[in-house]
Amino acid sequence: MAVKFFGQFMVEKGLISSDALLKAIALQDSSNLKFGETAKSMGFITNADIERVHNAQRKEDLQFGDMSVKLGMITQDQLKEVLTKQKNSHLHIGEALVKVGAVKAEDLRKHLNAFKADQAPYVVDKVAIPAGVPDPAFAELTADLTYKMLSRIANLTIRPGKCVVVQRLDDNDTVVDMKMSGSIKARYLLSISRDVQNAIARAILKADDVSKESEEMLNDTVMEFVNIVCGNIAAKAAQMGKTIEIAPPKNIKAKGGIPAPVGGIGLLFPVFVADGRIEVGLFIEKA
Amino acid sequence: MKKVLVVDDSLSVGRELSKIITGSGEFEVIGHAKNGAEAIQMYRQVHPDIVCMDMNMPVMDGMTALRTLVVLDKNAKVVMVTSLGGVGDKYTEALKLGAKGVISKPFLSDDVLKTLRGL
């Protein structure tokens, strides 16, 4: 019922133990060399170069390979060669599980197919993102997972509207804010009307009637919904090689609206429902 | 009956987990801590058999609390219940630190009880 990675799926299905997964991951860690180590093994850079790159990365947010090119240690062609070597020699978790004896080689394809079927509901569908948005793939998965969770968890019948760039997100009955950091610095904002809040509360509390619940509990269910959505966004982003940390969600009062970050970009994804109003904001800070 | 401490800053998750755990008739929820720091304090006071703990909490997050709990009691049985379960690095970090299991949110009651019964 959530975005998962293959090792987690195998443990949850009882097909491997947690210890076996840890052994396979340890094998991956020792086999899959980082960019710097791979470049060193190919004779392109030295240990001193690796240290120089790390120092430079503290001042500028660039990946190791790009920084080595910028510092003149390797050429663009060498960068491609290193990336190709890394890709071709990468030990995937499934192969690692076979190597540590946790899975039989002949069963691996069957397990991978079962995993693919389990995760099929979370394959990201196309969402049109305005031109010029940095990292449109992340914006796309954020919107798409939100739509999926509104349908599947909150049981709402929704119709996504067109994503637009905005200067502010308008106030609503409830607005929940979650800060994201790591590969992308952004605020995820869910702005909803009372009807939608009740629908989310019914789903989270697994109750038919939430009319006697306190305001605190109703707000809490929306924060938990946002926590689930953003946790799954982080999981999906990790599959794309991005690290996303999330802070605990906050219920905020937004009288006058929430302004888009200065120098950044405010994306608004309107979501149409029969009763009520939903707006999803992704406010991305300047890189 | 095994005693369970629920640790989550969310009131609704605390209520839902308690309903599932207590409703099974096999476990008893003996407390609800709202963050990692409260969890450590309550662990010392009530000595639960099992801790069901969120990762993403204010004041002290679940990973920090897990590190402390396994130092306090090397036999501590901590299960992480988190929306971040699908993040491979978080999942494996929790297991490396000594968590006995990781349950992803949104959770199903069967998954929660299956994990607790396996401890």
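Note that this is a predicted model, so its numbers are computed, not measured.

Q: I'd like a description of the sheet that holds strand 3 (residues 50–53) of chain B, backed by residues and values.
A: All names here are of chain B. With respect to topology, five strands assemble into an open sheet ordered 2-1-3-4-5, the strand pairing being parallel. The open sheet has two edge strands, strand 2 (27–33) and strand 5 (101–104), and neither has a second partner. Strand-to-strand, the axes of this sheet are offset by a mean angle of 20°, without reference to chain direction. Across four bridges, strand 4 (residues 78–82) lies against strand 5 in parallel orientation. Pairing of Met80 across the sheet is with Val102, part of strand 5.

Q: Account for the interface of chain B and chain A, with residues named and values stated.
A: Contact with chain B, which involves 25 residues of that partner, is made by 30 residues of chain A. Looking at the side of chain B that touches chain A, the elements with two or more residues in it are helix 1 (11–23) and helix 4 (88–97) of chain B. The element best represented in the side of chain B that touches chain A is helix 4 of chain B, accounting for six residues.

Q: Mind laying out the packing of helix 9 (residues 136–152) of chain A against helix 11 (residues 215–239) of chain A, listing which residues take part and the relevant values?
A: Residues and elements named next belong to chain A. Where helix 9 meets helix 11, the closest approach of the two axes is 10 Å, and the angle between their N-to-C directions is 135°. Judged by the inter-axis angle, helix 9 sits oblique to helix 11. The crossing of helix 9 and helix 11 is right-handed. The residues of helix 11 that touch helix 9, namely those facing Phe138, Leu141, Thr142, Leu145, Thr146 and Met149, are Ile228, Val229, Asn232, Ile233, Lys236 and Ala237. Here the residues of the contact of helix 9 with helix 11 are counted per class, giving eight nonpolar, three polar and one charged.

Q: Can you lay out the confidence of the model for chain B for me, pointing to particular residues and giving the numbers?
A: Per-residue pLDDT for chain B has a mean of 94; in total, 100% of the residues score no lower than 70. Interface confidence for the predicted complex, given as ipTM, is 0.92, next to a pTM of 0.88.

Q: So what's going on with the packing of helix 11 of chain A against helix 1 of chain B? Residues and values would help.
A: Direction vectors running N to C along helix 11 of chain A and helix 1 of chain B enclose 90°, while the axes themselves pass 7 Å from each other. Classified by the interaxial angle, the pair formed by helix 11 of chain A and helix 1 of chain B is roughly perpendicular. Contact with helix 11 of chain A, carried on its side by A:Glu216, A:Met217, A:Asp220, A:Thr221 and A:Glu224, involves B:Leu11, B:Ser12 and B:Val13 of helix 1 of chain B and no other residues of that element. When its residues are assigned to classes, the contact of helix 11 of chain A with helix 1 of chain B shows three nonpolar, two polar and three charged.

What counts and how
Residues numbered from 1 in each chain as written. Chains lettered and ligands numbered in written order. Predicted model: local features only at pLDDT ≥ 70, side-chain atom pairs only at ≥ 80, totals over all residues. Pairing = 2+ DSSP bridges. Helix = DSSP H or I, 4+ residues; strand = E, 2+ residues; numbered from the N terminus. Axes fitted to C-alpha atoms, helices over the stretch in contact; angles between N-to-C directions. Contact = placed C-beta atoms within 7 Å. Parallel < 35°, antiparallel > 145°, perpendicular 65-115°, else oblique. Left-handed = near helix turned anticlockwise from the far one by under 90°. Nonpolar A, V, L, I, M, F, W, Y, C, P; charged D, E, K, R; others polar. pLDDT = per-residue confidence, 0-100.

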